Amino acid sequence: MRERRSIRWMLFQALVAFPVFASNIHYQWTPNPVVVSALAFFAAGAATWVAVSIIDLLRFRREMARRLRSEQRVYNRRNGRVPLTGG
């Protein structure tokens, strides 16, 4: 499973880096391939960092919502409150 995730992130990074290389081939914005490689590496790393941060933020939000619901149920049981049901 871990290997599968690693391959997915590598594919994602390749999909980000390829347009940087392709744009240099088409527009020739620098003759130095080292600069293009560094920019592609930076772009892939930045895109991966953003994607991972968003995923972590969503996981954290889901965990906090789960904890809040759990604490609310405990509070309601202790105080004899019956949860409202919709419908």
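Structure first, text after, so check above.
In this text the structure is predicted, and so the values were computed from the model without any measurement. All residue numbers refer to position in the chain's written sequence, counted from 1. Whole-chain, interface and lining totals are the exception, using all residues; otherwise, since this is a predicted model, local features are given only for residues with pLDDT of at least 70 and side-chain atom pairs are given and counted only at 80 or more. Values shown for side chains rest on all heavy atoms present in the structure; no hydrogens or waters enter the calculation.

Peer 1: Now, about the overall build of the protein chain: what can you tell me, with residues and values included?
Peer 2: Strands here mean DSSP runs of E at least two residues long; helices mean DSSP runs of H or I at least four residues long; both are numbered from the N terminus. Secondary structure assignment for the protein chain yields two helices and zero strands. Radius of gyration: over C-alpha atoms. The globule rule applied is 2.2 Å multiplied by the number of residues raised to the 0.38 power. Scaling as 2.2 N^0.38, a compact globule of 87 residues should have a C-alpha radius of gyration of about 12 Å, whereas the protein chain reaches 23 Å, well beyond that. Along the longest, intermediate and shortest principal axes, the C-alpha atoms of the protein chain span 75 × 25 × 25 Å. Buried residues are those whose accessible area, probed at 1.4 Å on protein chains only, stays under 20% of the maximum for their type, while exposed residues exceed 50% and partly exposed ones sit between those limits. Taken across its 87 residues, the protein chain has 11% of its residues classed as buried. Accessible surface area values rest on a Shrake-Rupley calculation with a 1.4 Å probe, where residue burial reflects the displayed protein chains alone. Taken as a whole, the protein chain presents about 7,900 Å² of accessible surface, with 64% of it coming from carbon and sulfur. For the charge count, each Lys or Arg is scored as positive and each Asp or Glu as negative, with His and the chain ends excluded. By convention, charge coordinates are those of NZ in Lys, CZ in Arg, CG in Asp, or CD in Glu. Distance from the positive charge centre (14 side chains) to the negative charge centre (4 side chains) of the protein chain: 7 Å.

Peer 1: Lay out the side chain of Asn24 with the relevant residues and their values.
Peer 2: Within the secondary structure, Asn24 is located in helix α1 (residues 2-27). The buried category is assigned to Asn24, whose relative accessible area is 10%. Residues adjacent in sequence count toward polar contacts only when both atoms are side-chain atoms; beyond that, a polar contact is any pair of N or O atoms within 3.5 Å, and within protein one must be able to donate a hydrogen and the other to accept it. Here Thr30 takes part through its backbone nitrogen, which lies 3.3 Å from a polar atom of the side chain of Asn24. Among residues more than four places away in sequence, those in contact with Asn24 are Trp29, Thr30 and Val36. By definition in these notes, contact holds between two residues if any of their heavy atoms fall within 4.5 Å.

Peer 1: So, the packing of α1 against helix α2 (residues 33-78): which residues are in play, and what are the values?
Peer 2: Helix axes are fitted only over the stretch in contact, all axes being lines through C-alpha atoms; the angle between N-to-C directions runs from 0 to 180 degrees. One can describe the packing of α1 onto α2 by two numbers: an axis separation of 8 Å at closest approach and a directional angle of 140 degrees. Classified by the interaxial angle, the pair formed by α1 and α2 is oblique. Once α1 is placed against α2, the crossing between them reads as right-handed. Only Val36, Ser37, Leu39, Ala40, Ala43, Ala44, Ala47, Thr48, Ala51, Val52 and Ile55 of α2 make contact with α1, whose side of the interface consists of Trp9, Phe12, Gln13, Val16, Ala17, Val20, Phe21 and Asn24. For the contact of α1 with α2, the per-class residue count stands at 15 nonpolar, four polar and no charged. Here the angle decides the label: under 35 degrees means roughly parallel, over 145 means roughly antiparallel, 65 to 115 means roughly perpendicular, and every other value means oblique. Crossing handedness is defined as follows: a turn of the near helix away from the far one that is anticlockwise and smaller than a right angle gives a left-handed crossing, while the clockwise case is right-handed. Side-chain classes follow a simple rule in which Ala, Val, Leu, Ile, Met, Phe, Trp, Tyr, Cys and Pro form the nonpolar group, Asp, Glu, Lys and Arg form the charged group, and the remainder, Gly included, forms the polar group.

Peer 1: Tell me what's going on with the pattern of salt bridges, and back it up with residues and numbers.
Peer 2: The term salt bridge refers to a side-chain nitrogen of Lys or Arg lying within 4 Å of a carboxyl oxygen of Asp or Glu. Summed over the entire model, instances satisfying the criterion amount to two salt bridges. Here Arg67 ties to Glu63 by a salt bridge, and the two come within 3.2 Å at their closest N and O atoms. Remark: Glu63 and Arg67 occur in helix α2; sequence separation between them is four residues, near one turn of the helix. Residue Arg67 is classed as partly exposed on the basis of its relative accessible area, which comes to 43%.

Peer 1: Go over the side chain of Thr30 with me, naming the residues and quoting the values.
Peer 2: Note on placement: Thr30 falls in the loop between α1 and α2. A distance of 3.3 Å separates a polar side-chain atom of Thr30 from the backbone nitrogen of Asn32. When sequence neighbours within four positions are dropped, the list of residues in contact with Thr30 reads Asn24, Val35 and Val36.

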